[in-house]
Amino acid sequence: MILPSPQQLRYLIALADHGHFGRAATACAVTQSTLSAGLIALERQMAAQLLERASASKRPVFTPLGREVVARARVALAALEAVAETAATARDPLTGPLRLGVIPTIGPFLLPRLMPALRRAYPRLRLWLREDLTERLVQGLETGRLDLLLLALPVAVAGAAAGQMETLPLGEDAFSVALPAGHRLAAREVVPVEALAGERVLLLEDGHCLRDHAAAACGLPRGILPAGEEGFAATSLHTLVQMVAGGLGVTLLPQLALDGGVLAGAPVEVRRLEGAAPGRVLALAWRPRSPRAAEFQGLGPAVAAAIAGG
């Protein structure tokens, strides 16, 4: 059996990612004819059709087998790259490129103080950032497109990927309740979670893990908007704050965002929640048995210090 070469796998993955032969070739730094020839050779080696040649679409259309091979090629190429990484990181840890995925409810508030600290501590580390929703970041980690994630626990995404991650908890991120100016609950120094039962609790749109964490803290199955207005939802914490300022309801905000200036002068009152404040746990996550696991563990204290405001 003739095994596919790493270059052939790169061609296949690039075509799947870019959906265009020319752009895929550019991404691989080869000519389009070279990429096409490499894929034809791959199909011959496997005695299988990966692309639909008779498709009228100008975009490449993968056969069902082709899509399966692309998924397995991502995992295989990531494993091959890990072999080289093992030796490289042993020689000089926390240098070179590191592809970090971060969720939108962490990135804007933590990165401004984390990035300068990392540049000082690890001047030869080249950090590439990807901000996205948790599910897509977990998929990127699983397929090798990302090396490390900065996210919030617990993680609830489809598939087995999330359960297969190794995680390093970095610290608690407690929730406070944000209220419109003059709201009746603003007269209290602390607000019991039970007092929110009669309020319209605004949450981020589906896909944001903070939506699930905040809903669980309030005992709510979903965020509540007035009947007929379900199409209006916040896609960021900044938008959520403006919705609260406009009197549409109340919300829960994590301390990280409050420290990061998410209120920005908005007419919003913030009160602590009574008792052991609910919240989320911020954590780093990586693939099991990653050759860079020791590096990621070593990176943890710097990230934890930034979370704590250090």
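Here is what the cut-offs are and how they apply
- Residues numbered from 1 in each chain as written.
- Predicted model: local features only at pLDDT ≥ 70, side-chain atom pairs only at ≥ 80, totals over all residues.
- Heavy atoms only, no water.
- Helix = DSSP H or I, 4+ residues; strand = E, 2+ residues; numbered from the N terminus.
- Buried < 20%, exposed > 50% of the residue type's maximum accessible area, 1.4 Å probe, protein only.
- Contact = heavy atoms within 4.5 Å.
- Areas by Shrake-Rupley, 256 points an atom, 1.4 Å probe, with all protein chains shown as cover.
- Salt bridge = Lys/Arg side-chain N within 4 Å of Asp/Glu carboxyl O.
- Polar contact = N/O pair within 3.5 Å; in protein donor to acceptor, adjacent residues only side chain to side chain.
- Pairing = 2+ DSSP bridges.
- Core = buried A, V, L, I, M, F, W, Y, C linked by side-chain atoms within 4.5 Å.
- pLDDT = per-residue confidence, 0-100.
- Arc of directions from axis to C-beta.
- Phe/Tyr/Trp six-rings, centres within 6.5 Å; stacked < 30°, edge-to-face > 60°.
- Axes fitted to C-alpha atoms, helices over the stretch in contact; angles between N-to-C directions.
- Parallel < 35°, antiparallel > 145°, perpendicular 65-115°, else oblique.
- Left-handed = near helix turned anticlockwise from the far one by under 90°.
- Nonpolar A, V, L, I, M, F, W, Y, C, P; charged D, E, K, R; others polar.

## Considerations on the overall build of the chain
Regarding its fold elements, the chain presents 10 helices and 8 strands. Buried residues in the chain amount to 46% of all 310 residues. A fraction of 73% describes how many contacts in the chain between residues 6 or more apart in sequence connect residues 24 or more apart. A total accessible area of about 15500 Å² is found for the chain, and carbon and sulfur atoms account for 56% of it.

## Observations concerning the pattern of salt bridges
Here the idea is simple: oppositely charged side chains can pair when their charged atoms come close. All told, the structure shown has 9 salt bridges when counted by the stated rule. Between Asp132 and Arg130 there is a salt bridge, with the nearest N and O atoms lying 3.3 Å from each other. The exposure class of Asp132 is buried, given its relative accessible area of 10%. Judged by its relative accessible area of 47%, Arg130 falls in the partly exposed class. Linking Arg292 and Glu295 is a salt bridge whose minimum nitrogen-to-oxygen distance equals 2.8 Å. Across this residue pair, the class does not change: Arg292 and Glu295 are buried. The structure contains a network of salt bridges with shared partners spanning Arg130, Asp132 and Arg136.

## Here's the deal with the environment of Leu39
With respect to the element layout, Leu39 can be found in helix 3 (residues 32–46). Each C-alpha atom, one on Leu39 and one on Gln7, is 9.8 Å from the other, the two residues being 32 residues apart in sequence. Residues within four places of Leu39 in sequence aside, it is in contact with Gln8, Tyr11, Leu12, Leu15, Phe21 and Leu51.

## A word on the environment of Arg271
The topology assignment puts Arg271 in strand 7 (residues 268–273). As a C-alpha pair, Arg271 and Ala178 span 93 residues in sequence and 6.7 Å in three-dimensional space. Apart from residues no more than four positions distant in its own chain, Arg271 is found in contact with Ser176, Val177, Leu179, Leu185, Ala186, Arg188, Glu189 and Val191. A distance of 3.2 Å separates polar atoms of two side chains, one belonging to Arg271 and the other to Glu269.

## Some details on the side chain of Asp147
Position of Asp147 relative to the elements: it lies in the loop between helix 6 (134–142) and strand 3 (148–153). Of note is the side chain of Asp147, whose polar atom sits 2.7 Å from the side chain of Arg99.

## Structural notes on the pairing of strand 7
As paired strands, strand 4 (residues 166–180) and strand 7 are joined by 5 bridges and run antiparallel to one another. If you follow Leu179 over to strand 7, its bridge partner there is Glu269. Across 2 bridges, strand 5 (residues 190–191) lies against strand 7 in parallel orientation. Paired with Val190 across the strands is Arg272, a residue of strand 7.

## Focus on the nonpolar core
Most often, soluble globular proteins keep nonpolar side chains buried together rather than apart. By size, the foremost hydrophobic cluster in this structure holds 73 residues, and its most contacted members are Leu110, Leu149, Leu150, Leu196, Leu237 and Val303. Those residues within four positions of Val303 in sequence are excluded, and the remaining contacts are Leu110, Leu114, Leu150, Leu170 and Leu284. Counting 19 residues, the second largest nonpolar core, distinct from the first, contains Ala25, Leu35, Leu42 and Leu50.

## Remarks on the confidence of the model for the chain
Detailed reading of predicted coordinates is not advised where the pLDDT is low. Chain-level pLDDT for the chain is 84 on average; 86% of the residues reach the 70-or-more range. Under a pLDDT of 50 for its full length, residues 221–229 has, in the predicted model, 15 contacts with residues more than four places off or in other chains.

## Details of helix 8 (residues 237–245)
Along helix 8, the residues classified as buried are Leu237, Leu240, Val241, Met243 and Val244. All buried residues of helix 8 fall inside an arc of 160° around its axis, so they share one side. Trailing helix 8 by a residue or two, Gly247 shows a phi angle of about 85°, which is positive.

## Considerations on the packing of aromatic side chains
A complete count under the given rule lists 1 aromatic pair for this structure. On the numbers, 5.6 Å between centres and 50° between planes, the contact of Trp286 with Phe296 is tilted. Linking Trp286 in strand 8 (residues 279–286) with Phe296 in helix 10 (residues 293–307), this pair joins segments that are 10 residues apart in sequence. Residue Trp286 shares its accessibility class with Phe296, and that shared class is buried.

## Describing the packing of helix 1 (residues 6–18) against helix 3
Look at helix 1 against helix 3: their axes get within 9 Å of each other, and the N-to-C directions meet at 110°. In terms of orientation, helix 1 and helix 3 fall into the roughly perpendicular class. Here the hand of the crossing between helix 1 and helix 3 comes out left-handed. Across the interface between the two elements, Gln8, Tyr11, Leu12 and Leu15 from helix 1 touch Thr34, Leu35, Gly38, Leu39, Ala41, Leu42 and Gln45 from helix 3. Among the residues forming the contact of helix 1 with helix 3, the class breakdown is 7 nonpolar, 4 polar and no charged.

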